[in-house]
Amino acid sequence: MIERWSRDQVLSLAPDAASQKAATGVSAPGKWSGSGALPDVVWGECKGSGATPYRACVDLSEPAYKCSCPSRKFPCKHALGLLLLWASDGVPDGGEPAGWAAEWLEQRRSRADKQEKQEKQEKRDGRERSAPAKAARSSGGSAQRETRVSAGLSELERWLTDQIAQGIAGAPQTGLADWDELGRRLVDAQAPGVAGSVSRLSRVLGEEDWPGLLLEEYALIHLLAVAHRRTAELPAGLAETVRSRVGFPITREDVLATPWVRDEWDVVGGRDEEQDRLVARRIWMQGRATGRVALVLSFAPIGQALDASLVTGTAVDASLAYYPGASPLRAVVAERHGPVAAARPAGTRLSQVPGRIAEVLAGDPWADSWPVVLEGVIPSKESLMDEDGNGLPLHPAGGALWRLLAVSGGHPVTVAAEWTPRGSRPLTVWDEESQVVRL
């Protein structure tokens, strides 16, 4: 049984603010007829400007959407409006789906069965190939690429040495051009991960303490270059982390060939950000039995729909496959076993956060974010505090905090946040009645 979502959870699925506003406009009960809901599906017909109503149906288990309107947005305002109506108890439970809805659902079930069989076969095939694939990676894979990357990172080490020798006072004047040129050379050397780190150096120049921040970034980039040069001396997990940070790809097939972790996963938060003409969606999950956390990434060109199958505040029984590394975090959903009842996720105390982050950084010194679910915290404009006086500073660009402060009202709440070296970004808050509010 899938619990009804909150209004915030529904609106978080909208592709943009205009869709949120339009969905609210079509969520009135008087616009809908023939609507109904079963544990994993909701359907209905919405009166539009024409004689024929628009037929909308939502498979809640993913979710997935179907509507007869011509909108190119996904989900459209009718699917969102139907979900808003359902969230407010405006859709009656029970009954049989309309014929058009039942046909769509049957097609989905058939495709899902075929995909499940294919994924199981791919998993078996991947396991058979995993040993030689791993051997190929450890031995360097493409010798030509290894040579180019090594040469590029050696040049990077020399460049960093020169920067420190001559000082960084001129970085605000010459840094942008220097970093652009260096980034291009690293791309040519087939080290896109390091090139991305260099391209992000410009972000520190607008900060008051930019000299210290720039030296920190230079130190991390230098550490990565040295670690790559000494990969053969590193433990296996750390070596995988270094290769990933440098930019050596790992295929989805190889990830799925690793052991899966099955658990009931709470979707504790998410946020979107633009990256190089793409929108990246970061979804954070936490396992109820294992306590493990996971980051599921998806990408789409600006203006196109992103994967909306993991909704903040819901939970799913699923098997995840983690990308290899010393502090594994990124994962793919290898197999879904079904939804589970949503609940307030288990939290940790603020006093335990520094030790946990230290463990993460010991395995991956280049980690720049990590999810934490905190219980018993009282938010302010600058930090999250507990009753013992422990505090966790908030990111200066963390966005408007009025919703977080309003839900708390000065009382302890459970907050899911994204830790970063510059402060944490609150993502989700649960009030005393376990109602979830996406921030």
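Scoring rules and cut-offs
- Residues numbered from 1 in each chain as written.
- Predicted model: local features only at pLDDT ≥ 70, side-chain atom pairs only at ≥ 80, totals over all residues.
- Heavy atoms only, no water.
- 1 Å grid on protein atoms, 1.4 Å probe; cavity = no way out; pocket = protein on both sides within 12 Å on 5 of 7 lines; lining within 4 Å.
- Points joined across faces, edges and corners; volume = space filled by probe spheres on them.
- Helix = DSSP H or I, 4+ residues; strand = E, 2+ residues; numbered from the N terminus.
- Nonpolar A, V, L, I, M, F, W, Y, C, P; charged D, E, K, R; others polar.
- Patch = residues over 30% accessible without salt bridge, like charges linked within 9 Å, V, L, I, M, F, W, Y side chains within 5 Å.
- Areas by Shrake-Rupley, 256 points an atom, 1.4 Å probe, with all protein chains shown as cover.
- Salt bridge = Lys/Arg side-chain N within 4 Å of Asp/Glu carboxyl O.
- Lys, Arg positive; Asp, Glu negative; His and termini not counted.
- Charge placed at Lys NZ, Arg CZ, Asp CG, Glu CD.
- Buried < 20%, exposed > 50% of the residue type's maximum accessible area, 1.4 Å probe, protein only.
- Pairing = 2+ DSSP bridges.
- Axes fitted to C-alpha atoms, helices over the stretch in contact; angles between N-to-C directions.
- Contact = heavy atoms within 4.5 Å.
- Phe/Tyr/Trp six-rings, centres within 6.5 Å; stacked < 30°, edge-to-face > 60°.
- Polar contact = N/O pair within 3.5 Å; in protein donor to acceptor, adjacent residues only side chain to side chain.
- Core = buried A, V, L, I, M, F, W, Y, C linked by side-chain atoms within 4.5 Å.

A. Highlighting the layout of surface pockets. Empty space within the second largest pocket amounts to approximately 1100 Å³. Mapped onto the lining of the second largest pocket, the elements with two or more residues apiece are β4 (64–67), α4 (99–138), β7 (293–301) and β9 (331–340). A per-class count over the lining of the second largest pocket returns 17 nonpolar, five polar and 14 charged.

B. Fine view of a negative patch on the surface. A surface patch of like charges, here negative, comprises E208, D209, E216, E217 and D368. With respect to the helices and strands, the residue E216 is situated in helix α8 (residues 210–229). The exposure class of E216 is partly exposed, given its relative accessible area of 48%.

C. Highlighting empty space enclosed by the protein. The tally for this structure, following the rule as stated, stands at two cavities of 30 Å³ or more. Quantified by volume, the largest cavity comes out at close to 110 Å³. S12, R281, I283, L310 and R438 are the residues nearest the centre of the largest cavity, which is lined by 13 residues in total. Among the elements of the structure, β5 (260–275) and β6 (278–287) are those that each provide at least two residues to the lining of the largest cavity. Here the element with the most residues in the lining of the largest cavity is β5; it accounts for three residues. Taken together, the residues of the lining of the largest cavity sort by class into five nonpolar, three polar and five charged. The volume enclosed by the second largest cavity comes to roughly 30 Å³. A per-element tally of the lining of the second largest cavity places β7 first, with three residues. Of the residues belonging to the lining of the second largest cavity, the class tally is four nonpolar, two polar and one charged.

D. Local environment of the sheet that holds β6. Sheet architecture is open: five strands sit in the order β7-β6-β5-β8-β9, paired in antiparallel fashion. With partners counted over all chains shown, the strands left at the sheet margins are β7 and β9, one partner each. For this sheet, the mean inter-axis angle between neighbouring strands, taken without regard to orientation, is 40°.

E. Structural context of the sheet that holds strand β11 (residues 383–385). One open sheet holds the six strands; their spatial order is β12-β11-β10-β13-β14-β15, and the pairing between them is antiparallel. Looking along the sheet, the strands with just one partner apiece sit at the ends: β12 (391–393) and β15 (436–438). Averaged over all neighbouring strand pairs, the angle between strand axes comes to 35°, with direction disregarded. Contacting β10 (370–379), β12 and β13 (413–419), helix α11 (residues 353–363) crosses the sheet at an angle of about 170° to β10.

F. Structural detail: the packing of aromatic side chains. Inspection of the entire model under this criterion finds three aromatic pairs. Residues W5 and W86 carry aromatic rings whose centres are separated by 5.5 Å and whose planes lie at 80° to one another, so their mutual orientation is edge-to-face. Here W5, found in the segment before α1 (7–11), pairs with W86, found in helix α3 (residues 77–87); they are 81 residues apart in sequence, far enough to count as distant. In this pair, the class of W5 matches that of W86, namely buried. Each ring, one from W159 and one from Y218, has its centre 5.8 Å from the other, and the planes form 90°; the classification is edge-to-face. Highlighted residues: W159 in helix α5 (residues 143–166) and Y218 in helix α8, separated in sequence by 59 residues.

G. A look at the pairing of strand β1 (residues 32–38). In the sheet, β1 pairs with strand β2 (residues 41–46) via five bridges, with the strands oriented antiparallel. Bridging from a neighbouring strand, W32 pairs with C46 of β2. Counted along the chain from β1 to the antiparallel partner β2, the turn is two residues long.

H. Summary view of the side chain of D386. Its place among the elements puts D386 in the loop between β11 and β12. Lacking a salt bridge, the buried D386 has R349 as its closest oppositely charged neighbour, with an N-O distance of 4.6 Å. In terms of polar contacts, D386 uses its side chain to reach the backbone amide nitrogen of D388, at 3.0 Å. Here N390 takes part through its backbone nitrogen, which lies 2.8 Å from a polar atom of the side chain of D386.

I. Spotlight on the nonpolar core. Core analysis: the largest hydrophobic core is formed by 30 residues, its most contacted members being W370, L374, L384 and V415. The set of elements that each furnish at least two residues to this core consists of β7, α11, β10, β13, β14 (425–430) and β15.

J. Here's a closer look at the pattern of salt bridges. Here the structure, examined in full by the defined rule, presents 26 salt bridges. R55 is paired through a salt bridge with E45; the nearest N and O atoms lie 3.7 Å apart. With R55 in strand β3 (residues 54–59) and E45 in strand β2, this pair connects stretches of sequence that are ten residues apart. A relative accessible area of 39% means that R55 is categorised as partly exposed. For R262, the salt bridge goes to D317, with nearest N and O atoms at 2.8 Å. A residue pair is termed long-range when its members are at least 10 positions apart, and R262 in strand β5 and D317 in strand β8 (residues 315–322) qualify at 55 residues. The exposure class assigned to D317 is buried, which follows from its relative accessible area of 14%. Taken together, the shared-partner salt bridges in this structure form one network comprising D40, D59, R108 and R109.

K. Structural context of the pairing of β10. Counting buried positions along β10 yields eight of ten residues, so the element is predominantly enclosed. In the sheet, β10 pairs with β13 via six bridges, with the strands oriented antiparallel. Bridged to V373 within β13 is A416. Bridge count for β10 against β11 is two bridges, and the pairing is antiparallel. Its bridge partner lying in β11, P379 is registered against L384. Counted between consecutive antiparallel strands, the loop separating β10 from β11 contains three residues.

Interpretation note: all reported values are geometric properties and have no functional meaning in isolation.
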